[in-house]
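# Geometric and topological summary
So the chains spell out like this:
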Amino acid sequence: MPVPRIILIWRHLILREAVLSLLAQARLELLADYEQPVDAAMIPAQTPSHVLLEAGEEENGRFLADLLQQDGITIIRLNLEDNRLQIFQRQDHALESPADFINLLHVVRPKPL
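To keep things clear, this report deals only with the structure shown in the data block. (Residues numbered from 1 in each chain as written. Predicted model: local features only at pLDDT ≥ 70, side-chain atom pairs only at ≥ 80, totals over all residues. Heavy atoms only, no water.)

## Concerning the overall build of the chain
Quick reminder of the rule: The numbering of helices and of strands both runs from the N terminus, where a helix is a DSSP run of H or I of at least 4 residues and a strand a run of E of at least 2. Buried, partly exposed and exposed residues are distinguished by accessible area as a fraction of the type maximum, computed with a 1.4 Å probe on protein chains only: under 20%, between the cut-offs, and over 50%, respectively. Throughout, a residue-residue contact means that at least one pair of heavy atoms, one from each residue, lies within 4.5 Å. Using a 1.4 Å probe, accessible areas were evaluated by the Shrake-Rupley method; residue-level cover was limited to the displayed protein chains.
Along the chain, the regular secondary structure elements total three helices and six strands. For the chain, the residues scored as buried account for 37% of the 113 residues in total. When contacts within the chain are restricted to residue pairs at least 6 apart in sequence, long-range pairs at least 24 apart make up 58% of them. Surface exposure of the chain reaches about 6,800 Å², of which carbon and sulfur atoms provide 50%.

Right under this line is the structure:
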């Protein structure tokens, strides 16, 4: 199974620290992480398999729209308020434990080109 190439884009430091902790427990690493706002045009050049995007303000909508135009990237939007994930492969998952988050990174794969 290929190792996920993960980029994290966050607004709140607590989310960043939580994701880093979960990934470390699973022996996964980030390709890169950025505090919002971020230019969506720079993301594809880093060839991520997954982009973890913290749900937030209106700028997220524009960023998300730009990112959705890129092939081969699975976008997972994280919401601190209700522990929900939106996976932009038309999937929605509720988290019951931290392991659920790590399992999604292995199960949810980018669409083949």
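Let's pick the thread back up.
## Describing the environment of Val38
By the element assignment, Val38 lies in the loop between strand S2 (30-35) and strand S3 (50-54). When sequence neighbours within four positions are dropped, the list of residues in contact with Val38 reads Ile9, Ile43 and Phe63.

## Focus on unusual backbone geometry
Going from Gln36 to Pro37, the amide bond is cis rather than trans, its omega being 0°. Structurally, the position occupied by Pro37 is in the loop between S2 and S3. Here the phi dihedral of Arg27 falls at roughly 60°; this positive angle occurs in a residue that is not glycine. Relative to the helices and strands, Arg27 is located in the loop between helix H1 (13-25) and S2. With relative accessibility at 79%, the residue Arg27 sits in the exposed group.

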